[in-house]
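# Coordinates in review
Here is how the chains run, residue by residue.
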Amino acid sequence: MVGPRGIDWTGERCVPWTDDIQVIYEHYHRYALAARYAFGRRVLDLASGEGYGSALLAAHASEVIGVDIDEASVEHARARYGGQPNLRFTTGSMTDPDLLADAGKFDVITCFEALEHVAEQDELMALVRARLAPGGVFFTSTPDVLVYTHEHGNENPFHVKELTEPQFRALLGASFRHVTVLRQNVAIGSVLTSDREHGPVLSQQLRRTGEDSWSVGTGAPHTYLVGVASDNPVEVPAAATMLDPQLALLGAAAERAAAPLRAEIERLTSDDGGPKYRKVIERYRPRRRATEGPVTVSTSDDPLVSIIVPVHGQWSYTRRCLQAIEDSGTRVSFEVVVVDDASPDDSAEQLAACPGVRLVRAPENLGFLRAVNLGAAQARGELLVLLNNDTEVRPGWLDALTEVVRGDESIGLAGAKLVYPDGRLQECGGIVFADGSAANYGHGDNPEDPRYQAVRDVDYCSGAAILVRRDLWERLGGFDERYSPAYYEDTDLAFAVRAAGHRVVVVPNAVVVHHEGVSHGTDVMQGVKRYQEVNREVFTEKWTGALAEQADPGTPLWIARQRVPGRTQRDGDLVLVADVTVPTPDRDSGSVRLRCLLDELVALGHRVVFCPMGPPADPAYLDQLHRAGITVLADNGLREQFLHEAGKHIRLALLSRPTVAWHLADRLRICAPQARIVFDTVDLHFVRLSREAELVERLGGAPETSTMLHQRAKLYRELELALVRACDRTLVVSDAERDLLADLAPGAPVSVLSNVHTPGPEASPDGRPGVLFVGSFEHPPNRDAAYWLAGEIWPLVRRQVPDAVLDLVGRDPTNELRTLDGHGVKFRGWVPALDALYETARLSVAPLRFGAGVKGKVGESLAAGVPVVGTTLAFEGMRLRHGAEVLAGDKAEEIAAGIVSLLTDDALWLRLSRAGQAAVAAQFGPDVARAALTELLG
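Keep in mind it's a predicted model, so treat the numbers as computed, not measured.

This part covers the overall build of the protein chain. Counting secondary structure elements, the protein chain contains 30 helices and 34 strands. A fraction of 71% describes how many contacts in the protein chain between residues 6 or more apart in sequence connect residues 24 or more apart. Total accessible area on the protein chain is roughly 41,900 Å²; 51% of this is exposed by carbon and sulfur atoms.

Structurally, Gln 323 can be placed in helix α9 (residues 315–327). Judged by relative accessible area, which is 25%, Gln 323 ranks as partly exposed. For Gln 323 and Val 295, which are 28 residues apart along the polypeptide, the C-alpha to C-alpha distance reads 6.3 Å.

A few words now on the pairing of strand β22 (residues 574–579). With six of its six residues buried, β22 lies for the most part within the structure. A two-sided burial pattern is seen for β22, the buried positions comprising Leu 574, Leu 576 and Ala 578 on one face and Val 575, Val 577 and Asp 579 on the other. For β22 and strand β23 (residues 607–612), the ladder comprises six bridges, and the chain directions are parallel. Note on β23: the bridge partner recorded for Val 575 is Val 608. Taken together, β22, helix α18 (residues 589–603) and β23 form a β-α-β motif whose crossover is right-handed.

So, about the pattern of salt bridges. This structure, assessed with the given rule, holds 43 salt bridges. Where Asp 735 meets Arg 879, a salt bridge forms, and the shortest distance between an N and an O atom there is 2.8 Å. Separated by 144 residues along the polypeptide, Asp 735 in helix α24 (residues 735–744) and Arg 879 in the loop between β33 (868–870) and β34 (887–888) bring together distant segments of the chain. Assessed through its relative accessible area of 55%, Arg 879 is described here as exposed. Each of the salt bridges in this network shares a partner with another, and the network as a whole consists of Asp 480, Arg 482, Asp 492 and Lys 542.

Moving on, we come to helix α29 (residues 906–924). With 19 residues, α29 ought to run about 27 Å at 1.5 Å a step, and its terminal C-alpha atoms sit 26 Å apart, in line with that. Of all the positions in α29, only Leu 908, Trp 909, Leu 912, Ser 913, Gly 916, Gln 917, Ala 919, Val 920, Gln 923 and Phe 924 are classed as buried. The arc that holds every buried residue of α29, seen down its axis, measures 165°, which confines them to one face. In α29, the exposed positions angled more than 90 degrees off the buried face are occupied by Ala 907 and Ala 922. Those residues of α29 that are buried lie in contact with β32 (841–846), α27 (856–863), β34, α28 (892–904) and α30 (926–936). Sitting at the amino-terminal end of α29 is Asp 905, which places a side-chain oxygen 3.1 Å from the backbone nitrogen of Ala 907.

Pairing within the open sheet is mixed, and its seven strands lie in the order β3-β2-β1-β4-β5-β9-β6. Unpaired on one side and paired on the other, β3 (87–91) and β6 (178–184) mark the two borders of the sheet. Across the sheet, the mean angle separating the axes of adjacent strands is 15° when strand polarity is ignored. Direction of pairing for strand β5 (residues 132–143) relative to strand β9 (residues 224–230): antiparallel, over a ladder of seven bridges. Bridge pairing in β9 places Thr 140 opposite Gly 227. Packed on one face of the sheet, helix α1 (residues 21–35) meets β1 (42–46), β4 (106–111), β5, β6 and β9 and runs near 150° to β6. On the sheet, helix α6 (residues 165–173) packs against β5, β6 and β9 and is oriented at approximately 150° with respect to β6.

The rules behind each value
- Residue positions within a chain follow its written sequence, with the count starting from 1.
- Since the coordinates come from a predicted model, pLDDT governs what is reported: local features require at least 70, and pairs of side-chain atoms require 80 or more to be given and counted, while whole-chain, interface and lining totals use all residues.
- Remark: hydrogens and water are excluded; side-chain values derive from all non-hydrogen atoms of the structure.
- Strands are runs of DSSP state E lasting at least two residues, helices are runs of H or I lasting at least four, and both sets are numbered from the N terminus onward.
- Working rule for contacts: check all heavy atoms of both residues, and any pair within 4.5 Å makes them a contact.
- Each accessible area is a Shrake-Rupley result for a 1.4 Å probe, and residues are judged covered by the shown protein chains and nothing else.
- Burial classes follow relative accessibility: with a 1.4 Å probe on protein chains only, a residue under 20% of its type's maximum area counts as buried, one over 50% as exposed, and anything between as partly exposed.
- Think of it this way: DSSP has to see at least two bridges between two strands before they count as a pair.
- A right-handed crossover is one whose linking path, passing over the helix from the first strand to the second, runs clockwise when the strands point away from the viewer.
- By definition, a salt bridge exists where a carboxyl oxygen of Asp or Glu is found within 4 Å of a side-chain nitrogen of Lys or Arg.
- Helix span, expected: 1.5 Å multiplied by one less than the number of residues in the helix.
- In this description, the arc belongs to the directions extending from the helix axis to the C-beta atoms.
- Polar contacts here mean pairs of N or O atoms no more than 3.5 Å apart (in protein, one a potential hydrogen donor and the other a potential acceptor; neighbouring residues in sequence count only if both atoms are side-chain atoms).
- Convention adopted: a line fitted to C-alpha atoms gives each axis, helices being fitted over their contacting stretch, and angles between N-to-C directions are expressed from 0 to 180 degrees.

Printed below as a string of structure tokens:
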């Protein structure tokens, strides 16, 4: 008889006594969800493991059979749970087509924590289909490889085939008409419930923003995917919770973990341990003491940045400010100049004892404004940072400010994002209205809200934390002393910076906690604070002309929040751009084009809002857009709020790809009646799918595959042509596609806006041994081209040039192309920057046999001065001629001959390199895209 703990916790099969409480929450919750559908039903539990899940289901089902491939686990399950009459366990493989062949049909089949352990997932699905009753429900789960492996860094040797969410959906969708995928993550938090059975679900998550501060954001993270599949519609909850209200598992785990530590503490602090061991305990469990002594700040004798901190008493705040600067891990060299403005406490003495701090003593109480001017006069850095002493900077703050200002000579002043100690947003750039009144944009909101992430031109930034070029500061005379002792001096400085021809921006990555009101309180009727109202009148009088161009009070904040260089605040149009995902320009050519268009729209002086309609984006690519000044709204609720509040100000809506355009076009007609709605095809999907279907037929592929592709092509043709007729204008990437649409949708306005490439310097063939193929291998045409190139074309090249080497470069999530490595072929996978490869490539190859649109890989290579050999299809719509700018051929022998020619003929190489660069400049240069966008904007 196997005992109650007859098997051990291995990290794979969950057992109820594991110390890993996260695993228990995850596994039990999946079975709890399935149990809701098991009442009175026959249930098959595949990969039943220890048996706890089968037992849970048996409490509700009429019969449960648990199956596992491990005999020891089955024996244990029989011994532990065999007392339930409606539950039995058997040994077997879930990919065995004969498993339980005589057991009849099951109403519910579960298969948790097992899918990723088998390579033959199609065989598993075939077994499920064979054993599931008509209308039955299948439950399964798998880790999301993008989160579990790539984001969390788990390397699980027992997982032989992990899936992304689209792959998981596709696997289930191939066998079932109705598929729902839920995302699962273990969470500790709070649950609010109501007596309503149905209603919307609000998901929120708590984030730490500081040592003692938190913020709340929308959404919920996930690690695992749980699929519910059936041929009949299944009502699946929008969200499911499983609670541990007494924290029973957590408490038990804590007790087990604490027991050895508690015994050791008792031993060390016992009489036998003596004072020596008590000192050891005190070292690691010190008594709390108030630390108010001097702070050492690691400053530089040759600073790039001078941080000016005015002080009038409040040593405890000043100390925290200095400590935060020291702890922020700044990379740039800096100095700290503290101006003691006749402090009434011992601040001056404390500061004098702080190593690394340059102390400047004011002869008398000058007030905030004059104290800052005094400190700035002592600065040695190229850049000045004005920082209140009631602030605590966050890691990376100074690097973020410095990087933005030094990266753009037009920027004269940059401000930080200010947050309250409780985590609420205090300000992300300020707004000044035509009457001189001001508003702190975002006051009281969540600082992680997408509206507050983009680098933006703003009216002003609070002087609590701003960076300004020292030469500009000196030219302007510093803070205008007519605002002494304080208030409106920062607003005045921002207007003066702009009047001098520079920009004022807010940098959201520079986060500073501000204890607002510490120095001057919050009552505008008394003390120094009263100058807030007095100086508003001074400011209004000084800047009467500039204020006439500001937005009126009551202007929607979506307009007032962001200035456009060279325009007035009253010129408040917006441009909305939408696509499936945030562009990833180092991964696919469509993203290169989209990113270029976004940058051009910003350069043309428009407020750009980008809406990704698909899965969450990589934060690194989001940050790229934020740094470019583009606001990104990925949340559907925020998109709706934006359309409701700012729709009438949208001038242009550029909708990329048919699914996105179909989703948004009608909504924009209602919310943005003035907007020109433009359907950006990227490529004509129905053309690409039709060509793929024809290639499958030509190569003798499976008839069902070509039939499916033809059906998809037909659906996309209807969708794309409907959008062409419905939108105000359609963009295509080539003359060929424009001509095709002219035949299929006569009278519909269609324009060409192709890829964007900037030609590099002239190149030489010397020192260029390589042959290059570039493409994202998520895209079927690129996968097909790579297999054809490596399998048929490259052996022909190697017969004539035996030492030739082909580099296959591109993102391949499944790594299936690694099988091509060898025999002169190197599979490099994804490479973040291609410049070095183009500098050593003799030529690139584009042997595409199906597809549509203009090929970014061709334009990119030609722009770099690297000649291209490819199929006729690869050059479609690019006005590139065989023998003049490129070498073309549609047979393996023709492409191989072109490769050999360019590898061996320097004169031909030079001629094609120069001609290719000229062709790219004429057709795809940035000025061509800029002209097309200007025409769209009317």
